[in-house]
Amino acid sequence: MHFISTRGNKEKVIASKAIIKGICDDGGLYVPTYFPNLKDKLNNLVNLSYKELCFEVLKLFLDDFNEKELMDCINKSYDDKFDNEKIAPTVKIKDNYFLELYHGPTCAFKDMALTLMPLLLEKSLEKNNIKEDIVILTATSGDTGKAALEGFKNLEKIKIIVFFPEDGVSTIQKLQMKSQEGNNTYVVSIKGNFDDAQSSVKSIFNDENFNKKLKQNNYILSSANSINIGRLLPQVVYYFYSYLELVRNKNINLGDKINFVVPTGNFGNILAAYYSKNMGLPINKLICASNENNVLYDFFTTGKYNKNRKLHLTTSPSMDILISSNLERLLFEACNRDDKKVNKLINSLNNKGFYEIDNNMKSNLSSFIGEYATEEEVKENIKNIFNKYNYLIDTHTCVAYTSYEKYLKNTKDKTTTVIVSTASPYKFSKDVLNALGKEDNSLDEFQILNTLSKETNTTIPLPIKNLKTAKVLHNRSCEKYQIKKEVENILKV
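We now turn to the structure provided with this report. Values in this document were obtained by computation on a predicted structure and should not be read as measured data.

All right, on to the side chain of Ser189 then. Positionally, Ser189 belongs in strand β8 (residues 185-191). Polar contacts involving the side chain of Ser189 include one to the side chain of Glu166, which spans 2.9 Å. In terms of polar contacts, Ser189 uses its side chain to reach the side chain of Ser477, at 3.3 Å. Leaving out residues up to four positions away in the same chain, Ser189 has contacts with Phe164, Glu166, Arg476, Ser477 and Cys478.

On to the sheet that holds strand β11 (residues 283-290), then. Taken together, the 6 strands give an open sheet; going across it, the order is β4-β5-β15-β10-β11-β14, and neighbouring strands pair in mixed fashion. Each having just a single partner strand, β4 (90-93) and β14 (368-372) make up the two edges of the open sheet. Recorded for the sheet is a direction-independent mean angle of 25 degrees between the axes of neighbouring strands. Its contacts with the sheet put helix α11 (residues 229-248) on β4, β5 (96-100), β10 (258-263) and β15 (417-421), and the angle it makes with β10 is roughly 135 degrees.

A word on the environment of Lys12. Looking at the secondary structure, you find Lys12 in strand β2 (residues 12-13). If we ignore the near neighbours within four places in the chain, the residues touching Lys12 are His2, Phe3, Ile4 and Thr33.

In this structure the tally under the stated criterion is 25 salt bridges. For the salt bridge of Glu56 with Lys59, the shortest nitrogen-to-oxygen distance reads 3.0 Å. Glu56 gets classed as partly exposed once you look at its relative accessible area, which sits at 26%. Residue Arg309 pairs with Asp298 through a salt bridge whose shortest N-O separation is 3.0 Å.

Turning next to the packing of helix α7 (residues 143-152) against helix α8 (residues 171-178). The geometry of α7 relative to α8 is characterised by a closest axis approach of 9 Å and an angle of 25 degrees between their N-to-C directions. Between α7 and α8, the crossing angle belongs to the class labelled roughly parallel. Here α7 runs over α8; the crossing is left-handed. Residues Asp143, Gly145, Lys146 and Leu149 of α7 pack against Gln173, Gln176 and Met177 of α8. Residue classes in the contact of α7 with α8 are distributed as 2 nonpolar, 3 polar and 2 charged.

Nonpolar side chains in soluble globular proteins tend to end up buried together. Ranked by internal contacts, the top residues of the largest apolar core, which has 114 residues, are Phe3, Leu62, Phe152, Phe260 and Phe267. Per-element tally for this core: the top contributor is α11, with 13 residues. With residues up to four places along the chain from it excluded, the contact list for Phe3 reads Glu11, Lys12, Val13, Ile14, Ala15, Ala18, Tyr30, Val31, Pro32, Phe61, Ile229 and Leu233. With 37 residues, the next largest nonpolar core counts Leu175, Val378, Ala400 and Ile460 among its residues.

Before going further, it helps to spend a moment on the sheet that holds strand β16 (residues 476-479). With parallel pairing, 5 strands are arranged side by side in an open sheet as β9-β6-β7-β8-β16. At either end of the open sheet lies a strand with only one pairing partner, and these are β9 (219-222) and β16. Adjacent strand axes in the sheet meet at a mean angle of 25 degrees, parallel and antiparallel pairs treated alike. Pairing geometry for β8 and β16, over 4 bridges, is parallel. Residue Ser189 lies in a different strand from β16, and its bridge partner there is Ser477. The strands that helix α9 (residues 194-205) touches are β6 (133-139), β7 (158-165), β8 and β9; relative to β6, the one it contacts most, it runs at about 150 degrees. Each of β6, β7, β8, β9 and β16 touches helix α22 (residues 483-491); the most contacted strand, β7, lies at about 150 degrees to it.

So, how was this worked out
- Residues numbered from 1 in each chain as written.
- Predicted model: local features only at pLDDT ≥ 70, side-chain atom pairs only at ≥ 80, totals over all residues.
- Heavy atoms only, no water.
- Helix = DSSP H or I, 4+ residues; strand = E, 2+ residues; numbered from the N terminus.
- Polar contact = N/O pair within 3.5 Å; in protein donor to acceptor, adjacent residues only side chain to side chain.
- Contact = heavy atoms within 4.5 Å.
- Pairing = 2+ DSSP bridges.
- Axes fitted to C-alpha atoms, helices over the stretch in contact; angles between N-to-C directions.
- Salt bridge = Lys/Arg side-chain N within 4 Å of Asp/Glu carboxyl O.
- Buried < 20%, exposed > 50% of the residue type's maximum accessible area, 1.4 Å probe, protein only.
- Parallel < 35°, antiparallel > 145°, perpendicular 65-115°, else oblique.
- Left-handed = near helix turned anticlockwise from the far one by under 90°.
- Nonpolar A, V, L, I, M, F, W, Y, C, P; charged D, E, K, R; others polar.
- Core = buried A, V, L, I, M, F, W, Y, C linked by side-chain atoms within 4.5 Å.

Below, the structure is given as structure tokens:
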């Protein structure tokens, strides 16, 4: 298996090299040369554990890793760091199914890949005899930052620098990052939004002179965002696992099609679902759920992508994004891998903030449906679900639930549907408590956690509970235009 660029610079690399580089020389994203098909093998996978299934899926892509190397990485990743033995359980709540992806060490779906990816990168450096130190440069809208910091902490030959928008993450997310331990971890808040952070980080990757300067100082850049193929591929696994769990529980028959509803910001999570469909997983529709920053809803509804709009700060901050990086990989597949078309669309986005796809590409995206939820609807539905089903969900999951309700009303589609639940409600406890009608502005963050626990008779996850005694270790801050300077300061180059 090799990986090529979405922008067609004829680069063709093995998995370990793609994981090290993160982004292609031409600024494009790595994609597999083909999608292995598991359709006829699903029957053999039904009874596998999460670890076993992970191995069966990833060995098809990471075939320059030998069996022992890959299994070692997987075994070290999906262990007692997760508070549920299934790792990613799909739970049935009345007529709805929720795929819970928040049982890992930072209580968000990013753990599903970011417990594994650092070990894959470490192994890749060894395999390719890389002498330089790796600098992981990451922009986060909240959850990637903490999960990446946790995954990469104290790894030799790797430093990690995370940039996050000061006013664009929840208090718990901020505290999780700022209290991160590890002698190789750096956290910087920026005065700007996630798109500012992401654009600056991307421009650093594409800055040839800066990369040369880093290399002279014994550093190579890489990424932990889902633009890195080593981060994206492990996310494919839980879609297969969820489907097979429904089969095991006799909720569906093997071969039946299902829908997935995915709360979407940077487009990595739903892209992993699309990849699993390309690998033969019986998927009917992929419902792309947006919050009030509904640039993706407009794209799937009209074929026009337009980032020229105001960014709204919402109660689902991980989705407060107007430039969805991973969409480039979908465009590549939708235009039948015509890199000239991809370049034209991306250039238009970079220069005008806008592009429009043709009818042929639109028809290739027929498995996607865009829906979105307003702030008011999210608030209302968190309360409704808890009152009706005694089930507590976070704001992002509620965006997905609300979008599914709208989809159901519009289509009457009775296909079994899984709502992807991306974070613990305790990561966004203030907004969840407010939604339940228990708002009290006199409470601090930890009193809010305790009140939410008491009111709902649910348990505060340990990683969040332990934040109360955690020490703030990172206080760096910079303007959005100073990000490169900040990297230079940290690395002393």
